[in-house]
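# A look at the structure
Here's the letter readout for the chains.
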Amino acid sequence: MINQVPVSYYLLLGAILFSIGAGGVLIRRNAIVILMCVEMMMNAVNLTFIAFSRYLDSATGQIFVFMVMAVAAVEVAIGLALLVELNRHKQTVNIDEINSLKG
Amino acid sequence: MEQTLFLLIAAISVIAALGVVFNRNVVHSALSLLVNFCALAVLYFMLNAQFLGIAQILVYAGAIVVLFLFVVMLLGAELGEKVTSWLTVQNGVMAVLAVILLTVIGTAVFESVIQGARGDFTPEAVQQYGQVQLVASALFTDYVLPFQLVAVLLSVGVIGVIWLAQRHQQSSARREFHD
């Protein structure tokens with residue numbers, strides 16, 4: 001089976017999704033949406049890994065994606081637990097209002 | 001045929017990604033994220049990564065998005081920020097930064113020549129032995145140490161989350177005791 005889609009298409013799609021995620025982290029002020037955008041960036045990197053794994057005929061990329069998925073699951077669990085705890089203290093998830101360390 | 005499917009799925013995933021960023025309601029953002037994850041799972045299937053496609057749907061769509069939705073409902077944070085307009089100077093600057101990032105990565109994609117040692121994970125081998133068997137044999141031989149480290153990481157995550165969630169109960173119990 002010859003794959004008809006060039007690898008650069010997949011890499012470009014990964015780049016677009018990564019940039020949208022990075023832009024979302026910069027634009028949004030809601031901490032939950034920021035975490036979602038971080039997940040999206042990780043997914044873009046996963047897509048790049050799998051594209052390379054397919055085009056270089058190597059299983060290594062898929063194993064790295066496996067690791068990234070585990071890290072993403074742990075990261076989102078801890079991040080959301082921190083947000084819940086923060087919400088108990090400050091009653092907000094808007095990062096502009098979480099500025100206690102600011103002088 | 002395959003190219004058409006790719007372009008369709010790519011368009012869906014990009015639109016869903018934009019939906020995550022630009023939806024005012026956080027629940028709608030989470031549902032757009034679900035669409036994005038499922039579109040990427042289809043791309044994984046197209047790229048000979050069936051196991052990871054299933055894992056993507058199970059872990060991301062099944063666990064992470066549900067966790068997001070739980071937390072949004074728990075905090076009642078559907079509208080965490082009052083967005084009147086997206087067209088502010090600050091957002092413009094941030095969008096320009098994102099476009100610059102995209103330009104840099106895109107240039108890197110198109111200017112570089114992709115080469116490397118070819119492995120034995122060919123479509124023929126996948127047809128003969130099965131994709132899951134090949135990935136598992138690599139995971140449990142060459143990469144068994146990272147695999148064990150992932151187990152440690154997951155344990156640390158579980159213990160950390162339990163500690164974070166319990167600390168508040170302890171401190172409130174102590175407060176009641178002092179009262």
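Report on the accompanying structure. (Residues numbered from 1 in each chain as written. Chains lettered and ligands numbered in written order. Predicted model: local features only at pLDDT ≥ 70, side-chain atom pairs only at ≥ 80, totals over all residues. Heavy atoms only, no water.)

Right, let's talk about the overall build of chain A for a bit. Summing up its helical and strand segments, chain A has three helices and zero strands in all. In chain A, the succession of helices and strands from N to C terminus is α-α-α. Expected size for 103 residues packed as a compact globule is a radius of gyration near 13 Å; at 17 Å, chain A overshoots this value by more than 25%. For the C-alpha atoms alone, the extent of chain A along its principal axes is close to 60 × 25 × 20 Å. The 103 residues of chain A split such that 62% are buried. Considering only contacts within chain A whose residues lie at least 6 apart along the sequence, 60% involve residues at least 24 apart. When the accessible surface of chain A is split by element, carbon and sulfur atoms take 69% of a total near 3900 Å². When the 6 basic and 6 acidic side-chain charges of chain A are each reduced to a single mean position, those positions are 6 Å apart. (Helix = DSSP H or I, 4+ residues; strand = E, 2+ residues; numbered from the N terminus. Rg over C-alpha atoms; globule rule 2.2 N^0.38 Å. Buried < 20%, exposed > 50% of the residue type's maximum accessible area, 1.4 Å probe, protein only. Contact = heavy atoms within 4.5 Å. Areas by Shrake-Rupley, 256 points an atom, 1.4 Å probe, with all protein chains shown as cover. Lys, Arg positive; Asp, Glu negative; His and termini not counted. Charge placed at Lys NZ, Arg CZ, Asp CG, Glu CD.)

Once that is clear, we can look at the overall build of chain B. Scanning chain B from terminus to terminus reveals seven helices and zero strands. Of the regular secondary structure in chain B, the N- to C-terminal order runs α-α-α-α-α-α-α. Scored against the burial criterion, the 179 residues of chain B give a buried share of 35%. Sequence separation of 24 or more characterises 55% of the internal contacts of chain B that already satisfy a separation of 6 or more.

Before going further, it helps to examine helix 4 (residues 89–111) of chain B. With 23 residues, helix 4 of chain B extends 33 Å between its outermost C-alpha atoms, agreeing within 8% with the 33 Å of an ideal straight helix rising 1.5 Å per residue. Buried within helix 4 of chain B we find Asn91(B), Met94(B), Ala98(B), Gly106(B) and Val109(B). Residues of helix 4 of chain B that are buried make contact with helix 1 (7–27) of chain A. (Expected span 1.5 Å × (residues − 1).)

Here we come to the interface of chain A and chain B. At the junction of the two partners, chain A supplies 73 residues and chain B supplies 81 residues. Together chain A and chain B conceal approximately 7000 Å² of surface at their shared face, both sides included; 76% is due to carbon and sulfur atoms. Linking chain A with chain B are zero salt bridges, by the criterion used here. Counting across the chain A and chain B interface gives seven residue pairs in polar contact (both at pLDDT 80 or more). Sorting elements by how many residues they give to the side of chain A that touches chain B places helix 3 (residues 60–90) of chain A first, with 24 residues. Here the side of chain A that touches chain B is built from residues that sort into 51 nonpolar, 15 polar and seven charged. (Buried area = accessible area lost by both parts, 1.4 Å probe. Salt bridge = Lys/Arg side-chain N within 4 Å of Asp/Glu carboxyl O. Polar contact = N/O pair within 3.5 Å; in protein donor to acceptor, adjacent residues only side chain to side chain. Nonpolar A, V, L, I, M, F, W, Y, C, P; charged D, E, K, R; others polar.)

The biggest cluster of nonpolar side chains holds 56 residues, and the ones touching the most others in it are Tyr10(A), Ile32(A), Leu43(B) and Phe68(B). Of all the secondary structure elements, the ones that give two or more residues to this core are helix 1, helix 2 (31–55) and helix 3 of chain A together with helix 1 (2–22), helix 2 (26–46) and helix 3 (50–75) of chain B. Here this core gets 12 residues from one element, more than from any other, and that element is helix 2 of chain A. Leaving out residues up to four positions away in the same chain, Tyr10(A) has contacts with Val5(A), Leu47(A), Ala51(A), Tyr55(A), Phe6(B), Leu43(B), Met46(B) and Leu47(B). Grouped together as the second largest cluster of nonpolar side chains are 12 residues, Ala59(A), Ile63(A), Leu134(B) and Ala138(B) included. (Core = buried A, V, L, I, M, F, W, Y, C linked by side-chain atoms within 4.5 Å.)

This next bit is on the pattern of salt bridges. Residues and elements named next belong to chain A. Tallied over the full model, the rule gives two salt bridges over all chains. Of the charged contacts, one joins arginine 29 and aspartate 96 as a salt bridge, the two residues approaching to 3.4 Å between their closest N and O atoms. Pair noted here: arginine 29 is in the loop between helix 1 and helix 2 and aspartate 96 is in the segment after helix 3, with a separation of 67 residues, a long-range link.

Interaxial distance between helix 1 of chain A and helix 2 of chain B falls to 13 Å at its minimum, and their mutual angle equals 165 degrees. Here helix 2 of chain B runs roughly antiparallel to helix 1 of chain A, going by the angle between their axes. Judged by the twist between their axes, the crossing of helix 1 of chain A over helix 2 of chain B is left-handed. Across the interface between the two elements, Tyr10(A), Leu13(A) and Leu17(A) of helix 1 of chain A pack against Asn36(B), Leu40(B), Leu43(B) and Met46(B) of helix 2 of chain B. Considered class by class, the residues forming the contact of helix 1 of chain A with helix 2 of chain B number six nonpolar, one polar and no charged. (Axes fitted to C-alpha atoms, helices over the stretch in contact; angles between N-to-C directions. Parallel < 35°, antiparallel > 145°, perpendicular 65-115°, else oblique. Left-handed = near helix turned anticlockwise from the far one by under 90°.)

A word on the packing of aromatic side chains. Geometrically, a pair of aromatic rings is defined through the distance of the ring centres and the angle of the planes. What the rule picks out here adds up to seven aromatic pairs over all chains. Their ring planes at 40 degrees and their centres at 6.0 Å tell us that Tyr9(A) and Phe6(B) sit as a pair that is tilted. Taken together, the positions of Tyr9(A) in helix 1 and Phe6(B) in helix 1 put the pair across two chains. Classification of Tyr9(A) by relative accessible area gives partly exposed; the value is 33%. A ring pair is formed by Phe66(A) and Phe147(B), whose centres lie 6.3 Å apart and whose planes are at 15 degrees; its orientation type is stacked. With one member in each of two chains, Phe66(A) in helix 3 and Phe147(B) in helix 7 (residues 144–178) form a pair that bridges those chains. A residue is classified by how much of its surface remains accessible, and Phe66(A), at 24% relative accessible area, is partly exposed. These aromatic residues form a ring-pair network of at least three members: Phe66(A), Phe51(B), Phe140(B) and Phe147(B). One residue, Arg54(A), lies across the ring of Tyr55(A), its end atom 5.8 Å from the ring centre. (Phe/Tyr/Trp six-rings, centres within 6.5 Å; stacked < 30°, edge-to-face > 60°. Lys NZ or Arg CZ within 6 Å of the ring centre and 35° of its normal.)

Functional significance is not addressed by these values, which are geometric in nature.
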